[in-house]
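# Secondary and tertiary structure notes
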Amino acid sequence: MTNIRNIVILTGAGVSAESGIDTFRDAGGLWEKHRVEDVATPEAFERDPDLVHRFYDMRRAAIQTKEPNDAHFALAELDRHWRGDDRNLLIVTQNVDDLHERAGAERLLHMHGEHLKALCMACEIRSDWRDPMQHRPPCPICGTPSLRPDVVWFGEMPYHMPEIYAAIRTADLFVSIGTSGAVYPAAGFVRDAKQQGAKTLELNLEPSQGSHFFDEARYGPATEVVPDWVEELLV
C-alpha cells in the first residue's frame, strides 16, 4: 500500500469486546438487559432520570476496570508511526470507553461521546467525570446539579461530524473495524469514502450489514486481524 497516505479508521464495539466491554445490543435488541428506549434516549432521561443514571453509573464504573487489548495497542502503534508531512490518520470511534486513549492513540474522535465525561445541561460545558451521577452532584463549573452522561443518545446528533467528513473526503483508505454496519451515520461512511475514490477495508469478527460495500474484508477476532493488518501496513 505504498500509495496510501491518508487513512480514516472507524472503530466500533467489536474492538473493545475482547476487553470485556459488552457490545451495544444482543440479538434480542437489549442492552445489558435494558430496552435501548428506556436508557438511551432524551425522552428516557426526562421520564426516568434515576434509571438512566443508574445504568450509566454502572457502565462508567465497569469501564474503569477494563484494559486495552492488542487491537487498541496496534492502532495506537499505527498512530505513532503514520506521521509525516504527507501522511494523515484519524481514528473515529463509536465507542464511549477510553481504551483507545489508554493504549496511546492520539489522533482520535469520539463521535458518540464518552462515558468518562459529564455534560452540564445548564452551562453546556463538558467535564471529566468518573464518579456516580445518580445523587445529582453539582457541575464543577457552574455548580448546578444538572449533569447528564456525555453520550450521544438516539435522536441526538453525533459529535465532530464536520471534521469526520472532511477527513473522509481526503482519505486514500477507509477501514471499518468491529462495527455492525447498522447505526447511521457511521454505517454510511464506507459509501462516502468510496465516492471519493478511497480504498475500503472491513476488519470484523463476521460480515457486517454493509460488508458488500467494502473492497476487501478480513474476518476474525480484533486482537488478531487488527495487529496483522497494522504490521503489514507499517512494513
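What you see is a predicted model, and the numbers here were worked out from it, not measured in a lab.

## Brief notes about the domain arrangement of the protein chain
Per the domain assignment, the segments of the protein chain are domain 1 (1–21 + 68–112 + 157–234) and domain 2 (22–65 + 115–151). Once you take the C-alpha centre of each, domain 1 and domain 2 turn out to be 26 Å apart. Each side of the interface is counted separately: domain 1 has ten residues, and domain 2 has twelve residues. The interface formed by domain 1 and domain 2 includes four residue pairs in polar contact (both at pLDDT 80 or more). Its residues assigned to classes, the side of domain 1 that touches domain 2 shows five nonpolar, two polar and three charged.

## Details of the sheet that holds strand β6 (residues 113–120)
Strand-to-strand pairing in sheets goes through backbone hydrogen bonds, with the strands running parallel or antiparallel. Spatially, three strands are ordered β7-β6-β8 in an open sheet, and the strand pairing comes out antiparallel. Two strands close off the open sheet at either side, each with one partner strand: β7 (126–128) and β8 (147–151). Averaged over all pairs of adjacent strands, the angle between their axes in this sheet comes to 45 degrees, without regard to strand direction. As judged from the three bridges shared by β6 and β7, these two strands associate in the antiparallel manner. Note that in β7 the partner of Ala118 across the bridge is Ser127. Against the sheet, helix α4 (residues 49–63) contacts β6 and β8, and its axis sits at roughly 55 degrees relative to β8.

What counts as what
- Residues numbered from 1 in each chain as written.
- Predicted model: local features only at pLDDT ≥ 70, side-chain atom pairs only at ≥ 80, totals over all residues.
- Heavy atoms only, no water.
- Domains from an automatic or database assignment.
- Contact = heavy atoms within 4.5 Å.
- Polar contact = N/O pair within 3.5 Å; in protein donor to acceptor, adjacent residues only side chain to side chain.
- Nonpolar A, V, L, I, M, F, W, Y, C, P; charged D, E, K, R; others polar.
- Pairing = 2+ DSSP bridges.
- Helix = DSSP H or I, 4+ residues; strand = E, 2+ residues; numbered from the N terminus.
- Axes fitted to C-alpha atoms, helices over the stretch in contact; angles between N-to-C directions.

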